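Structure at a glance
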Amino acid sequence: MTTALPHPVDHELIAAATHVARTRCRGDNHTVAAAARARDGRIITAVNAYHFTGGPCAELVLIGTAASQGAYELDTIVAVGDRDRGIVPPCGRCRQVLLDYFPTIEVIVGTADLPRAFSVGDLLPESYVWADQQLDTA
C-alpha cells in the first residue's frame, strides 16, 4: 500500500457507515455503504447501486449525494461492507475519482481492529492528476 504515516481516524464516520450497511444494504443491489465528513462537519451517507453493467460504488454515489445536499468539500471518507464485513478499501476507479474531486481527502482503510486514515494521494502513488492535464484557457 503506502509507507506514509496514517492520520487520525474519524471513528464516528466508521460508525455511521456501519449503521447504514446494517440497516440499508439489502440484497445484492446494495452491499456497501459509505460515509463522508463534509468540510462543515456534516456526515453524509450513501450505498452502492450494483448492476451487472458496473453500477456505481458507494463512494461515487456518496459524491452525488453530497452535492445534492450542498456539500462540495469532503474531508474524510470510509466504506463498509454489508453482513458485518467491515471496512472496504476503495477500488482503483474510486481512488482516482476521489483524487480528482477531492485531492486532499482522507480515506479510512484497514480493519475494525486497526483502522487507518491516509491521504487519497498516498493510496494512489504516482497517479494521473486530471487537473494537471487540463489546458489553461485563460
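Refer to the structure printed above.
So, here is what we can say about the structure in this document. (Residues numbered from 1 in each chain as written. Predicted model: local features only at pLDDT ≥ 70, side-chain atom pairs only at ≥ 80, totals over all residues. Heavy atoms only, no water.)

Notes on the packing of aromatic side chains
Note the threshold: Two rings from Phe, Tyr or Trp (for Trp, the six-membered ring) form a pair when their centres sit within 6.5 Å of each other. Planes less than 30 degrees apart are called stacked, planes more than 60 degrees apart edge-to-face, and all others tilted. Relative accessibility thresholds used throughout: buried, under 20% of the residue-type maximum; exposed, over 50%; partly exposed, between the two (1.4 Å probe, protein chains only).
Inspection of every chain in the model, using the stated rule, returns one aromatic pair. Pairing Y101 with F102 gives two aromatic rings, centres 6.0 Å apart and planes at 35 degrees, and the pair type is tilted. Residue class for Y101 comes out exposed when judged on its relative accessible area of 56%.

Description of helix α1 (residues 11-24)
The following threshold applies: Going along the chain from the N terminus, every DSSP run of H or I of four or more residues is numbered as a helix, and every run of E of two or more is numbered as a strand. Take the number of residues in a helix, subtract one, and multiply by 1.5 Å to get its expected span. The contact criterion used throughout is that any non-hydrogen atoms of two residues lie within 4.5 Å. Identification of polar contacts relies on pairs of N or O atoms within 3.5 Å, with a donor-acceptor requirement for protein atoms, meaning one able to donate a hydrogen and the other able to accept it, and with residues adjacent in sequence counted only if both atoms are side-chain atoms.
Taking 1.5 Å as the rise per residue, α1 with 14 residues should run 20 Å; its terminal C-alpha atoms sit 20 Å apart, in good agreement. Here α1 has its buried residues at L13, I14, A16, A17, T18, V20 and A21. On its buried side, α1 packs onto β1 (32-38), β2 (43-47), β3 (74-81), β4 (86-87), β5 (106-110) and β6 (115-119). If you check the start of α1, you find a side-chain oxygen 3.2 Å away from the backbone N of E12, and it comes from D10.

Describing the pattern of salt bridges
Here the idea is simple: oppositely charged side chains can pair when their charged atoms come close. We apply this condition: In what follows, salt bridge is the name for a side-chain nitrogen of Lys or Arg lying within 4 Å of a carboxyl oxygen of Asp or Glu.
Inspection of the entire model under this criterion finds eight salt bridges. A salt bridge links D84 to R22; the shortest N-O distance between them is 2.7 Å. One end of the pair, D84, is in the loop between β3 and β4; the other, R22, is in helix α1, with 62 residues separating them in the sequence. Residue D82 pairs with R83 through a salt bridge whose shortest N-O separation is 3.0 Å. On the accessibility criterion, D82 (5% relative accessible area) is buried. Taking the relative accessible area as the measure of exposure, R83 reaches 62% and is therefore exposed. One continuous salt-bridge network, built from bridges that share partners, spans D10, E12 and R37.

Structural notes on the packing of helix α2 (residues 58-68) against helix α3 (residues 92-101)
Quick note on the threshold: All axes are obtained by fitting lines to C-alpha atoms, using only the stretch in contact for helices, and the reported angles, taken between N-to-C directions, cover 0 to 180 degrees. Roughly parallel covers angles under 35 degrees, roughly antiparallel covers those over 145, roughly perpendicular covers 65 to 115, and oblique covers all other angles. Here the term charged refers only to Asp, Glu, Lys and Arg, the term nonpolar to Ala, Val, Leu, Ile, Met, Phe, Trp, Tyr, Cys and Pro, and the term polar to all other amino acids, Gly among them.
Interaxial distance between α2 and α3 falls to 9 Å at its minimum, and their mutual angle equals 30 degrees. By the criterion of interaxial angle, the relationship of α2 to α3 is roughly parallel. Where α2 approaches α3, its residues E59, L60 and I63 are matched on the opposing element by R93, C94, V97, L98 and Y101. For the contact of α2 with α3, the per-class residue count stands at six nonpolar, no polar and two charged.

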